[in-house]
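Structural features, examined
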Amino acid sequence: MEYYDQAETWDRQTIERTQLVRLRNTLTQALRSPFYRDRFERAGLAPQDMRSLADLEKIPFTSKEDLRAAYPYGLVTVPMEELVRFHASSGTTGAPVVVCHTQDDLDSWADLMARCMYMVGIRRSDVFQNIAGYGLFTGGLGIHSGAERLGCLTIPAGTGNTRRQLKLLRDMRVSALHIIPSYALYLGNALLEEGEDPRSLPPRIALVGAEPHTEEARRRIEDLLDLKAYNSYGLSEMNGPGVAFECLEQNGLHVWEDAYIAEIVDPKTGEAVPEGEPGELVMTTLCRRGMPVIRFRTRDLTRFLPGDCPCGRKHRRLDRIAGRVDDMLIVKGCNIYPMQVEQILMSFREVGENYLIILENEENMDRMRVQVEVRSEFFVEDMRALTSLQRKIAGRLRDEILITPKVDLVQQNSLPRIEGGKARRVEDRRFAKL
Ligand code: ADP
Ligand code: ZN
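1. Overview of the side chain of Q29
Here Q29 shows up in helix 1 (residues 12–30). A relative accessible area of 8% means that Q29 is categorised as buried.

Spelled out as structure tokens, the structure:
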């Protein structure tokens, strides 16, 4: 195995022994914050109570609400002069959560990120374009620092301005890039529409993440742009990108267990699920000093993949994130995740990359409408072909989600999009009148 960091080669015993030591250190450090001092006192917990990793279960969870309530400095454990960077989550699901870092924290984050990039074949000779927001969003500076740490020529392209992005990709002979999946599909199609071949763009590797996407969407990105796309998972509360990442096998994301403890729990009860079962990911930082976060409820749904990865790394693999606990839609009593809809839509050649799920309430009945972009070459005048496509899509969706949505076929690039930002897949109009 070619590795960037020795920790990638550790066996299970070394990983777990290190986790226990780092967990105790993390608790000791956390006690310096008003938030955790209070928490642990109430729970009657001390760092030395962690005799084995199983004792982690004794520690109460930390929720997003806790972090919001502790705004802005309630979880900080070091004097102000040690803090050097501030980030915040993009606020997809409510008020933002802030995270403060020391220089050591930033260094270990950059190393984790560089490790991910090295794992998928990026080297210091690569030219790397980071198509991500450089504000508070961690996908900007987070990925940027990893690329520089690795030694790539790093282009802080930011988001938007598709024409300039394409010019940079070509002129600078960019070999690897970071891009949000929905924007990757948009970028490729924008070129196609202009009669150009997106497969002739230079990059051979893409890091894609920051939003849920299906395996079908990944394959589409790979075909469209003729490159390998690797799934990148992270969240601001755990630094940002660099938490879990696919290796060359493209089968599950190795979560870096020397830097984090990952658990999967039942989102309702908070109890650990049996190994391999799906549930909510809970994460603990092990290498952060400025603001450690312990047993954080990520609200993200996944599971541990069973067995060893052929790449040789013993850090456990997470399955592709199925969505957020909060993403679940309840329509006519059925539980539906947007990714179930995406998976069906993307299996139709005729269907383009953008879609929107609209929930409405008419005469006290929930209704689901799915607006689907159809590729230009299929958006023909032949009504029969379109009607038949519409029926086929509705039928396949019914088989998957158990209710029959109304399917609207619309022209490519006609649905609203957030250029370079996280896509919005659902519009719930049911409660608008309240
Ligand atoms: P926000 O919660 O406001 O979006 P972040 O910018 O910190 O804040 O985003 C982290 C979240 O983005 C994760 O908790 C997860 O829901 C989502 N996410 C990040 N990477 C992926 C990925 N590879 N696949 C699916 N979802 C992802
Ligand atoms: Zn692997």
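Additional details are given in the paragraphs that follow.
2. Points about the coordination of the zinc ion (ligand 2)
In an ideal tetrahedron of four donors about a metal, each angle is 109.5 degrees. In an ideal octahedron of six donors, the angles are 90 or 180 degrees. Every protein donor of the zinc ion (ligand 2) is accounted for by C247 (SG), H254 (NE2), C309 (SG) and C311 (SG), and the metal-donor separations fall at 2.1 to 2.3 Å. Note that the zinc ion (ligand 2) binds four donor atoms; their angles at the metal cover 102 to 119°, and the shape is tetrahedral. All donor residues of the zinc ion (ligand 2) come from one chain, and their arrangement in sequence is C-x6-H-x54-C-x1-C. With C247 in the loop between strand 8 (240–246) and strand 9 (253–255) and C311 in the loop between strand 12 (296–302) and strand 13 (317–318), this residue pair connects regions lying 64 residues apart in the sequence. Here C247 matches C311 in class, with each residue buried.

3. Let's talk about the sheet that holds strand 17 (residues 351–362)
Ordered in space as 19-18-17-20, the four strands form an open sheet in which the pairing is mixed. Among the strands making up the open sheet, the edge pair consists of strand 19 (406–411) and strand 20 (426–428). Here the average twist between neighbouring strands, direction ignored, is 20°. Helix-sheet contacts for helix 9 (residues 338–346) involve strand 17, strand 18 (365–374) and strand 20, and the interaxial angle to strand 17 is about 135°.

4. Section: the domain arrangement of the protein chain
Frequently, the measure chosen for interface size is the accessible area removed from exposure when the parts meet. Taken domain by domain, the protein chain consists of domain 1 (1–326) and domain 2 (328–428). Contact with domain 1, which involves 27 residues of that partner, is made by 23 residues of domain 2. Roughly 2,000 Å² of surface becomes buried between domain 1 and domain 2 when both sides are summed, with 50% attributable to carbon and sulfur atoms. At the junction of domain 1 and domain 2, the tally comes to one salt bridge. In this structure, E353 and R220 form a salt bridge, with 2.7 Å as the shortest nitrogen-oxygen distance. Taken together, the links from domain 1 to domain 2 amount to 12 residue pairs in polar contact (both at pLDDT 80 or more).

5. A few points about the packing of aromatic side chains
On inspection of all chains with the given rule, the structure shows four aromatic pairs. Taken together, a centroid distance of 4.8 Å and an interplanar angle of 75° make the contact between F35 and Y36 edge-to-face. On the basis of relative accessibility, which here comes to 15%, the residue F35 falls in the buried class. Here Y36 falls in the buried class, since its relative accessible area comes to 1%. An aromatic cluster is present here, built from F35, Y36 and F40 joined pairwise through their rings.

6. Side note on the layout of surface pockets
For the second largest pocket, the calculated volume is near 420 Å³. What lines the second largest pocket is a set of 20 residues, and nearest its centre among them are I261, A262, E263, F304 and R316. Looking at the lining of the second largest pocket, the elements that each hand over two or more residues are helix 1 and strand 10 (260–265). The element that contributes the greatest number of residues to the lining of the second largest pocket is strand 10, accounting for four residues. Across the lining of the second largest pocket, the residue classes break down as 10 nonpolar, two polar and eight charged.

What counts and how
- Residues numbered from 1 in each chain as written.
- Chains lettered and ligands numbered in written order.
- Predicted model: local features only at pLDDT ≥ 70, side-chain atom pairs only at ≥ 80, totals over all residues.
- Heavy atoms only, no water.
- Helix = DSSP H or I, 4+ residues; strand = E, 2+ residues; numbered from the N terminus.
- Buried < 20%, exposed > 50% of the residue type's maximum accessible area, 1.4 Å probe, protein only.
- Donors = N, O, S within 2.8 Å, 3.2 Å for Na, K, Ca; no water.
- Tetrahedral: all angles 85-135°; square planar, octahedral: opposite > 155°, others 65-115°.
- Pairing = 2+ DSSP bridges.
- Axes fitted to C-alpha atoms, helices over the stretch in contact; angles between N-to-C directions.
- Contact = heavy atoms within 4.5 Å.
- Domains from an automatic or database assignment.
- Buried area = accessible area lost by both parts, 1.4 Å probe.
- Salt bridge = Lys/Arg side-chain N within 4 Å of Asp/Glu carboxyl O.
- Polar contact = N/O pair within 3.5 Å; in protein donor to acceptor, adjacent residues only side chain to side chain.
- Phe/Tyr/Trp six-rings, centres within 6.5 Å; stacked < 30°, edge-to-face > 60°.
- 1 Å grid on protein atoms, 1.4 Å probe; cavity = no way out; pocket = protein on both sides within 12 Å on 5 of 7 lines; lining within 4 Å.
- Points joined across faces, edges and corners; volume = space filled by probe spheres on them.
- Nonpolar A, V, L, I, M, F, W, Y, C, P; charged D, E, K, R; others polar.

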